[in-house]
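As a plain string of letters, each chain reads:
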Amino acid sequence: MQLRKLMRYGYRSLIGEPHEKRDFAFYVMNQFAKWLDMRIYNKHTNWQDDPEVLAVMRRFDPHYPRIKERQFFLYNLARSLRHLPGDSAECGALDGASSHVIMSALGDDRPHHIFDSFSGLSQPSEHDIPKTEAVRALQAGEFASPLENTRRNLAAHAQAVFYEGWIPERFGEVADKRFRLVSIDVDFYEPTRDSVRFFYPRLVPGGAIICDDYGFNTCPGARKAMDEAAECFGRQVVHVPTGQGLLIK
Ligand SMILES: C[S@@+](CC[C@H](N)C(=O)[O-])C[C@H]1O[C@@H](n2cnc3c(N)ncnc32)[C@H](O)[C@@H]1O
């Protein structure tokens, strides 16, 4: 049965319409992925071609304007929070791609606060060791990117405010602010814990924290920190299939 399907698809891929060639490519890749016990996205989803998000990504990187699934979700989340009062923030911005996505989606000039060491990841704790040796352990210092690089990449967003330093050293500077959206992407337990504990009480009702690392085997500490905080605040993290975790106030 599978062989007959493969032959039919194969034949059409040679003489067929472009969509039939695409179907064949998808079928082959899907079979290969299944063989490796992996999954690929449903071929009928259309988020990869969303013109609005594509235009946003093109502004950040004209040479490789691809939409990644987490950026797509982040963009749509931020868009859905536009109507709320409050600022936005990101803990762990690297070269600024996700902050660009957030500010573009929010589409106004309210401050966006960026906290980053710009020296890469901090020291991992015991909670950050992956459960199996098959998963690579992230190291202190990974993802270092100079502040000036991020500042240049975000030059079009005058509302970006930069706080260089180790989390939570500079949180006190925004202690009197309220937030509609906070993105946490610092990979390890301690900075994720400090970020969610600081920002959740400062979210406006309906505001959200999104943790980029929540569902990744490389970041067990981030999940632990989010779950502990959610329990403490009487909430539940929404585990998104992209690997992100969402905490809504
Ligand atoms: C994975 S990268 C962020 C990627 C970015 N959000 C994006 O999607 O484009 C992690 C960032 O967190 C920062 N970081 C990690 N631990 C930190 C800590 N304890 N304090 C401050 N910054 C930290 C690193 O410098 C790095 O820029």
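Report follows, based on the coordinates. What you are looking at is a predicted structure, and each value in this text was computed from that prediction instead of being measured.

### Topic: the site of the ligand
Around the ligand lies a shell of 21 residues, among which Gly92, Ser98, Asp116, Ser117 and Asp185 are the nearest. Ser98 is positioned with one of its side-chain polar atoms (N or O) 2.8 Å from a nitrogen atom of the ligand. At 2.9 Å, a backbone N or O of Ser117 approaches a nitrogen atom of the ligand. When the free accessible area of the ligand is taken as 600 Å², the share hidden by the protein chains comes to 92%. In a pocket analysis with a 2 Å cut-off to the grid points, the ligand is assigned to the largest pocket. Partitioning the shell around the ligand into residue classes produces 10 nonpolar, six polar and five charged.

### Topic: the pattern of salt bridges
Counted by the stated rule, this structure contains 11 salt bridges. Between Glu228 and Lys224 there is a salt bridge, and its shortest N-O distance comes to 2.8 Å. Of the two residues, Glu228 and Lys224 are both situated in helix 8 (residues 220-232); the distance of four residues between them amounts to about one turn of the helix. Classification of Glu228 as partly exposed rests on a relative accessible area of 29%.

### Some points on empty space enclosed by the protein
Applying the stated criterion across every chain, the model contains one cavity of 30 Å³ or more. Every residue along the wall of the largest cavity is listed here: Phe115, Asp116, Tyr163, Glu164, Gly165, Trp166, Ile167, Pro168, Glu169, Arg170 and Phe171. Put simply, the parts of the chain that give the lining of the largest cavity at least two residues each are strand 2 (112-116) and strand 3 (160-164). Grouping the amino acids of the lining of the largest cavity by side-chain chemistry returns six nonpolar, one polar and four charged.

### Digging into a positive patch on the surface
A cluster of basic residues, Arg4, Lys5, Arg8 and Lys34, forms a positive patch on the protein surface. When residues of the positive patch are assigned to their parent elements, the largest contribution, three residues, is made by helix 1 (residues 2-15). Since its relative accessible area comes to 31%, Lys5 is described here as partly exposed.

### Some thoughts on unusual backbone geometry
Apart from glycine, the bulk of residues carry a negative phi angle, and the bulk of peptide bonds sit in the trans form. With omega at 10°, the peptide bond leading from Ile167 into Pro168 counts as cis. By the secondary structure assignment, Pro168 is in the loop between strand 3 and strand 4 (179-184). The phi dihedral of Phe143 falls on the positive side, at around 65°, and the residue is not glycine. With respect to the helices, strands and loops of the structure, Phe143 is situated in the loop between strand 2 and helix 6 (147-153).

### Looking at the packing of helix 3 (residues 51-60) against helix 4 (residues 69-80)
Put simply, helix 3 and helix 4 touch, their axes get as near as 11 Å, and they point 110° apart. Considering their axes alone, helix 3 and helix 4 lie roughly perpendicular with respect to each other. Contact with helix 3, carried on its side by Glu52, Val53, Val56 and Met57, involves Gln71, Phe72, Tyr75 and Arg79 of helix 4 and no other residues of that element. Partitioned by chemical class, the residues of the contact of helix 3 with helix 4 number five nonpolar, one polar and two charged.

### Focus: the packing of aromatic side chains
On inspection of all chains with the given rule, the structure shows 10 aromatic pairs. For the pair Phe198 and Phe199, a centre-to-centre distance of 4.9 Å together with 85° between the ring planes defines the contact as edge-to-face. By relative accessible area, Phe199 is classed as buried at 0%. Connected via pairs of aromatic rings, a cluster forms that spans Phe115, Tyr163, Phe171, Phe179, Phe198 and Phe199.

### As for the side chain of Asp128
With respect to the element layout, Asp128 can be found in the loop between strand 2 and helix 6. Lys131 is the oppositely charged side chain nearest to the buried, salt-bridge-free Asp128, at an N-O distance of 9.1 Å. At a separation of 2.7 Å, a polar atom in the side chain of Asp128 contacts the main-chain amide nitrogen of Ser125. Only 2.7 Å separates the side chain of Asp128 from the backbone nitrogen of Tyr189, close enough to count as a polar contact. Excluding residues within four positions of it along the chain, Asp128 makes contact with Asp187, Phe188, Tyr189, Thr218, Pro220, Gly221 and Ala222.

### Brief notes about the layout of surface pockets
The probe, sized like a water molecule, is rolled over the atoms to show the empty space still left. Volume-wise, the largest pocket comes out at about 960 Å³. Lining the largest pocket are 42 residues, with Leu94, Ser98, Phe143, Asp185 and Asp212 positioned closest to its centre. Elements that contribute at least two residues to the lining of the largest pocket include exactly helix 3, helix 4, helix 5 (97-106), strand 2, strand 4 and strand 5 (203-211).

Rules used throughout
Residues numbered from 1 in each chain as written. Predicted model: local features only at pLDDT ≥ 70, side-chain atom pairs only at ≥ 80, totals over all residues. Heavy atoms only, no water. Near = heavy atom within 4 Å. Polar contact = N/O pair within 3.5 Å; in protein donor to acceptor, adjacent residues only side chain to side chain. Areas by Shrake-Rupley, 256 points an atom, 1.4 Å probe, with all protein chains shown as cover. 1 Å grid on protein atoms, 1.4 Å probe; cavity = no way out; pocket = protein on both sides within 12 Å on 5 of 7 lines; lining within 4 Å. Sits in = over half its atoms within 2 Å of the grid points. Nonpolar A, V, L, I, M, F, W, Y, C, P; charged D, E, K, R; others polar. Salt bridge = Lys/Arg side-chain N within 4 Å of Asp/Glu carboxyl O. Helix = DSSP H or I, 4+ residues; strand = E, 2+ residues; numbered from the N terminus. Buried < 20%, exposed > 50% of the residue type's maximum accessible area, 1.4 Å probe, protein only. Points joined across faces, edges and corners; volume = space filled by probe spheres on them. Patch = residues over 30% accessible without salt bridge, like charges linked within 9 Å, V, L, I, M, F, W, Y side chains within 5 Å. Lys, Arg positive; Asp, Glu negative; His and termini not counted. Charge placed at Lys NZ, Arg CZ, Asp CG, Glu CD. Axes fitted to C-alpha atoms, helices over the stretch in contact; angles between N-to-C directions. Parallel < 35°, antiparallel > 145°, perpendicular 65-115°, else oblique. Contact = heavy atoms within 4.5 Å. Phe/Tyr/Trp six-rings, centres within 6.5 Å; stacked < 30°, edge-to-face > 60°.

Functional significance is not addressed by these values, which are geometric in nature.
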